[in-house]
Amino acid sequence: MLSLTIAIATSYVVFFDYNDENNEFRRKKTRVLEDLTFERSNESLRRILDTIKQKGVAISVLWNSLTSVLSSTNHEVRDGFEVRVAALLADIVAADERRRNAIVGAGGGLVVDWLLDSVALNRGGSLGTQGEAARALAYLIADCNVNEKVLRRPQAVRNLLRFIFSDHLLEQQTRSNSFETADPMKGRSMLVAAIMDIVTSHDDNVDKIKLKPMLSRKAAMRDIAAALQVVEEGGMYWNEQPAVDVSRPNSLIELEPPYVKSKHKTKRMFFNKLVAKYATFIPGLWDDLHCQHVAVPFAAWALANWAMASDVNRSHIQELDRDGQAIMTALVAPERSVKWHGSLVAKSLLEDRNLPSDEFVPDWGSSLLSTVSLASKSDDVPLTRVALSAFLLSIDRCPGAQKAVMEKSLYLMRETAKRMKKHESVQEALAKGLESLCTGNMHLSFDEGQKWSSILLLWVFGDSSSDATRSSAIKILSRILEDYAPSSIPISQGWLAILLSDVLKHRTASLKGTAQPNDKVKTQIDQANVVFGTQAAKQLASVVVNLTVNWLGTESLEDLLCIEPFCTSFKSFKKSVPKVNAVDSALATLKGIKTMSEICSDDTFCQTKIIDYGVVSLLRRLLLKDDYEKLAACEAYNASTVVKSSEQPASDPSSVLVPPAAHIRRHAARFLTILSVHPKVKEFILNDKVWCDWLEDCANGKIPGCNDLKTRSYARATLLNIFCNDDDKKHRCPHFTEMVYLINPDLPHWKHSVEERRETGVDTSLDKDRINPFSQVHEGYLDRDTRTSDDDVNSESVSDSDPSFDVVFVHGLRGGPFKSWRLSECKSSSKSGLVEKIDEEAGKHGTFWPAEWLSADFPHARMFTLKYKTNLTQWSGSSLPLQEVSSMLLEKLVTAGIGDRPVVFVTHSLGGLVVKQMLHQARTENRDDIVNNTIGVVFYSCPHFGSKLADLPWRMGFVLRPAPTVGELRSGSPRLLKLNDFIRRLHKIGALDVLSFCETKVTPIVEGYGGWAFRLEIVPIESSYPGYGKLVVLESTDHVNSCKPISKSDPSYSETLHLLRNLRESIHKKSS
């Protein structure tokens, strides 16, 4: 027994003198040795120990001695010795962190291996030895500084699993050894608690799943196999060899049967984290669990750690679990911890693209989605996120998984989305998953599309929604609209209604407190737009509710009708209300688009916001598709079916109302032009070949329904905007807005290669002359003091494909960019009913002489026509004063690059004063390019010194309420005199040529009964002639028709053409 006592003492000394030079430990070692009784002296013993330590074989000698001694002793002595050694080790590791580090590192891990072997009862052993060894391991596993080293030991996981399943053996043994003084169940309870603490330590924090795995990167196949077996079958075989043979090298534990599995029925359990962040455990907390309820979570935890550790481990797991059943068992297990780690294993395997994706993946996907749904019911966000991430990988890798979800499990995703509204990460993942399911050949059913619509719209407009969530939701909504039009019209109109409501909230808030005196008129316009927009939003909401209730039914769209702005209309809706038809629906959409474009036209913040909310996708739908025509066709077919079945007489075809589809397309195109300068919109359209081709065909007039001049101009302007290279710092990129219309947008100088630009990529810098037909022209003709010097001019020749200058048409009061320049039917007879419609019906409808005549007779110029809002009286709404109108147009022209080359303005009535004010303001603001490059101005009946039309309402102000612009046209206005003097000076120095036309007939202003009409000479000859330039008196021509020629020989056309040709010839002479 002396040798045994020396061995125990030596083990204690070696363990705590190993790599430790601290004097305190040396003193403790000396005191231990002095207390022992030996046959040799203390000095001799210390010399022996020092020699062993220096040779680095201390632990080997110790364990060899123990083996030799134990092999020659009887069973009781051997078991008692093992109990004492295990107890001593447990007391040592319980002391402090440094001692635990020493034990773990001793002998290269041999001590830990013996402890693991002891708790596994690989060589039989006693209750006491297992209990004390379990107590020692409990302290080691609970210490976060050493537990990785313990768990990474060979067969560590397998031995711990054997320990867990050994409870049935303990029932067969009784404590018969006198050396066993400790309660073995205490150590077992402690180790089980430590294991479960490790298992549950991170299963409520999804952000820590990417941390360094705790197990080996090169796990043994048999260890992985044991874990898979436990997970799949709930038990394991006991025929493996032990890691360390301490006691009986050749004996094995006899088990009947050799396979051990819990006989207890599995209960539904959810394991939670033990203690917040301390490396500790609570003994007894898990004592009521059966062995299977500990072993299966631990095995699943081990598989998750191995899978995350390396591709080698993942390959082994895949090889051993070829049918995926073990992982599948973990995914459907009732315990939360097993589901958690099973999801992690599935996620790791699916992320590894080197591993095959077999037929079991669809089952994994369905199980993962079920886990997501169950976790969301209990508001278990971490488990929801982990399972959801694995689910997304399953549908990304396996088409079969996508099909299975689309056919059976979409409702689980939808329910989860409703429950987890406050958790953005979950919403984003669900949106991404649904987008993945809706790509390619997969489509949501119409019923599913309706049910998802409310969730998708909430994703789009939610304040907490991420950009990724919005993007996915917008793509899915667009796909639904594409697949099920015209039945999807309520969804598209609902989208538009929420968009408009959001815009109105923003504009209403911005208008509060901004009504300063100098902004009064602008504020009145904004307020009028808000009022009109509010009415349009209510109408849209009412139409959505009506269509849903009377046409589609509320079952699938009930969730949509329960959100604002539809909730109020839905609650107050009565089925007795007449059914909305296609025309009413289209009119509501038209008002919504028109109002939104008015509100956001100059509001960058508003534009950015609605772009993020998917307005571009809505505009694409309105432009490229004919939903409302299809809806009208469906209504007509249904009506004919009813008539046929009831044998009633058919209605008159002339009484059938047609939806204003062309107007919707025009205003959608206008809105798109406004937004097309935004980088996100540019990228969106450039990446959409179908849309680019449609815009090109529309601009060329090749698409039915796109023959409208405004729509064609908008299409070309949009293309020019998106193909402009804003990154080119050497050349300014012109941007066109909705107020600048392009005349004949199909001409060669407007075109560019869409396909070539697309092939270079969105971010590629392109040659300016290729993507932008607005290169600078030769300016050598400018030899006057006020023009650019010859040193700065470009020597490139002027050709028809590179027009030499611009011609800009500017209409007058109550005119328009196209209607003011129609051909005339009778020069002295204008149709009018009220003063506000003075130019509404004049001329031949559908004609436009700048495009039909001038472009052919003078193909050497780019031609534009401008639009701005004017009113004669305030009864028709607010309009801006002259200065603000001119300032706004100046900004639009400069932005469009007009004024960078020679320009001629052709104006009618008030338009002449607008151009005068614009040039004057440009000179004041040192924008000299547009002033210096203005080489000519044509004035049709321009009131240079005032108008009688302005004098009349001013005298009757309380009745007619003249608009601000009209008030500025009073005779003798100081501003008009100032502007005329400014243009006179430019003409005097030869900076520009002036051509003026004068009316000679009175113009009917208000018509009465019996042919009576109030007529007025709006601009008399003394006001039409500015006092310089050429004056042409138009015989028998009233004010409205002064700019509307009857034929090409009409002076109102021929004189203008002659002026343009002379100016071009002058440019050529100067350049040569």
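Residues numbered from 1 in each chain as written. Predicted model: local features only at pLDDT ≥ 70, side-chain atom pairs only at ≥ 80, totals over all residues. Heavy atoms only, no water.

Under an unreviewed UniProt entry, the protein chain has the name Protein SERAC1 and belongs to Ambrosia artemisiifolia.

## Observations concerning the overall build of the protein chain
Helices and strands together make up the secondary structure of the protein chain, namely 47 helices and 11 strands. For the protein chain, the accessible area works out to roughly 45700 Å², and carbon and sulfur atoms hold 51% of it. (Helix = DSSP H or I, 4+ residues; strand = E, 2+ residues; numbered from the N terminus. Areas by Shrake-Rupley, 256 points an atom, 1.4 Å probe, with all protein chains shown as cover.)

## Regarding the pattern of salt bridges
Counted by the stated rule, this structure contains 40 salt bridges. With its nearest N and O atoms 3.6 Å apart, the salt bridge here joins E482 to K625. Of the two residues, E482 sits in helix α23 (residues 467-484) while K625 sits in the loop between α30 (615-624) and α31 (627-646), which places them 143 residues apart along the sequence. Between R620 and D688 there is a salt bridge whose closest N-O contact spans 2.6 Å. (Salt bridge = Lys/Arg side-chain N within 4 Å of Asp/Glu carboxyl O.)

## Details of the sheet that holds strand β4 (residues 805-810)
Whenever strands of a sheet pair, they do so through backbone hydrogen bonds, lying parallel or antiparallel. In spatial order, the strands read β3-β5-β4-β6-β7-β8-β11; together these 7 strands make up an open sheet with mixed pairing. With partners counted over all chains shown, the strands left at the sheet margins are β3 (740-742) and β11 (1030-1033), one partner each. Strand-to-strand twist in this sheet, taken as the mean axis angle between neighbours without regard to direction, amounts to 20°. Relative to strand β8 (residues 993-998), strand β7 (residues 934-940) runs parallel, the two sharing 5 bridges. Within β8, the position partnered with Y940 by the bridge is F997. Those strands touched by helix α40 (residues 910-924) are β4, β6 (903-908) and β7, and its axis lies near 140° from that of β6. (Pairing = 2+ DSSP bridges. Axes fitted to C-alpha atoms, helices over the stretch in contact; angles between N-to-C directions. Contact = heavy atoms within 4.5 Å.)

## Details of unusual backbone geometry
With omega at 0°, the peptide bond leading from A485 into P486 counts as cis. Structurally, P486 is set in the loop between α23 and α24 (489-511). Positioned with a positive phi, D379 is a non-glycine residue whose angle comes to about 60°. Checked against the element boundaries, D379 lands in the loop between α18 (361-377) and α19 (381-397).

## Focus: the packing of aromatic side chains
Note on aromatic pairs: each is described by the distance of the centres and the angle between the planes. Inspection of the entire model under this criterion finds 19 aromatic pairs. On the numbers, 4.7 Å between centres and 45° between planes, the contact of F360 with W364 is tilted. Here F360 and W364 have matching classes, each one buried. Taken together, a centroid distance of 6.2 Å and an interplanar angle of 75° make the contact between W821 and W849 edge-to-face. Of this pair, W821 sits in the loop between β4 and α38 (849-857) while W849 sits in helix α38, and the two are 28 residues apart along the sequence. As far as burial versus exposure is concerned, W821 and W849 are alike and both buried. One aromatic cluster in this structure is built from F809, W821, W849, W853, Y940, F997 and Y1053. A cation over a ring is seen here: R188 above F163, with NZ or CZ 4.7 Å from the ring centre. Sitting above the plane of the F939 ring, K916 keeps its charged end 5.6 Å from the centroid. (Phe/Tyr/Trp six-rings, centres within 6.5 Å; stacked < 30°, edge-to-face > 60°. Buried < 20%, exposed > 50% of the residue type's maximum accessible area, 1.4 Å probe, protein only. Lys NZ or Arg CZ within 6 Å of the ring centre and 35° of its normal.)

## Section: the packing of α38 against helix α47 (residues 1051-1071)
Between α38 and α47, whose axes approach to 11 Å, the crossing angle comes to 45°. On the basis of their axis angle, the class for α38 and α47 is oblique. Our pair here, α38 against α47, has a crossing hand that is right-handed. Contacts from W849, W853, L854 and D857 in α38 reach Y1053, L1057, L1060 and R1061 in α47. For the contact of α38 with α47, the class distribution of residues is 6 nonpolar, no polar and 2 charged. (Parallel < 35°, antiparallel > 145°, perpendicular 65-115°, else oblique. Left-handed = near helix turned anticlockwise from the far one by under 90°. Nonpolar A, V, L, I, M, F, W, Y, C, P; charged D, E, K, R; others polar.)

## Brief notes about the pairing of β8
Taken across its 6 residues, β8 has 5 buried, putting it largely inside the fold. The pairing of β8 with β11 spans 4 bridges and is classified as parallel. What sits directly across from L995, in β11, is K1030.

## A closer look at the state of the cysteines
With the rule as written, the count across this model stands at 2 disulfides. At a sulfur-sulfur separation of 1.9 Å, the disulfide partner of C600 is C606. When the bonded cysteines of the protein chain are counted from the start of the sequence, the pairing works out to 1-2, 3-4. No disulfide involves C567; its sulfur sits 6.1 Å from the nearest other cysteine sulfur, which is in C562. Classification of C567 by relative accessible area gives buried; the value is 14%. (Disulfide = S-S within 2.5 Å.)

## Considerations on α24
Over its 23 residues, α24 runs 32 Å from end to end, which matches the ideal 33 Å to within 8%, given 1.5 Å per residue. Buried residues dominate α24, accounting for 19 of its 23 residues. (Expected span 1.5 Å × (residues − 1).)

## Things to note about the confidence of the model for the protein chain
Within the protein chain, residue pLDDT values average 78, and 72% of them lie at 70 or more. Taken element by element, the predicted model of the protein chain shows its lowest mean pLDDT in helix α37 (residues 768-771) (34) and its highest in β6 (97). Note on residues 1-10: pLDDT is under 50 here. Beyond four places in sequence and across chains, it has 14 contacts. In the model, residues 51-58 has pLDDT below 50 throughout and makes 6 contacts with residues more than four positions away in sequence or in other chains. (pLDDT = per-residue confidence, 0-100.)

## A short note on the environment of P817
Mapped onto the elements, P817 comes out in the loop between β4 and α38. The exposure class assigned to P817 is buried, which follows from its relative accessible area of 6%. As for P817 and L866, which are separated by 49 residues in sequence, their C-alpha atoms are 5.5 Å apart. Apart from the residues within four sequence positions on either side, P817 is in contact with K710, Y741, H811, F848, T865, L866 and K867.

## Looking at the packing of helix α22 (residues 446-461) against α23
Taken N-terminus to C-terminus, the directions of α22 and α23 make an angle of 150°; their axes are 9 Å apart at the nearest point. Looking at the two axes, α22 sits roughly antiparallel to α23. Of the two possible hands of crossing, α22 and α23 adopt the one that is left-handed. Contact residues: α22 offers F446, G449, L456, L457, W459 and V460, while α23 offers T469, R470, A473, I474, I476, L477, I480 and Y484. Within the contact of α22 with α23, the residues separate by chemical class into 11 nonpolar, 2 polar and 1 charged.

## Remarks on the layout of surface pockets
Of the voids in this model, the second largest pocket is the one considered here, and its volume is about 760 Å³. Around the second largest pocket, the lining comprises 24 residues; the ones closest to its centre are S471, I474, K475, S617 and F684. Broken down by secondary-structure element, the contributors of at least two residues to the lining of the second largest pocket are α23, α29 (604-612), α30 and α33 (679-686). Ranked by residue count, the leading element in the lining of the second largest pocket is α23, at 9 residues. Here the lining of the second largest pocket is built from residues that sort into 7 nonpolar, 5 polar and 12 charged. (1 Å grid on protein atoms, 1.4 Å probe; cavity = no way out; pocket = protein on both sides within 12 Å on 5 of 7 lines; lining within 4 Å. Points joined across faces, edges and corners; volume = space filled by probe spheres on them.)

## Here's the deal with the side chain of D1050
Looking at where D1050 falls in the secondary structure, it is placed in the loop between β11 and α47. Among the residues examined, D1050 registers a relative accessible area of 9% and is labelled buried. There is a polar contact of 2.9 Å between the side chain of D1050 and the side chain of S1052. Sequence-distant contacts of D1050, that is, excluding residues within four places in its chain, are made with K827 and P1045. (Polar contact = N/O pair within 3.5 Å; in protein donor to acceptor, adjacent residues only side chain to side chain.)

## Points about the environment of H1039
Looking at where H1039 falls in the secondary structure, it is placed in the loop between β11 and α47. With 23 residues separating them in the primary sequence, H1039 and L1016 have C-alpha atoms 9.3 Å apart. For H1039, the contacting residues outside a window of four places in its chain are H908, S909, S941, E999, K1001, T1003, I1018 and V1019.

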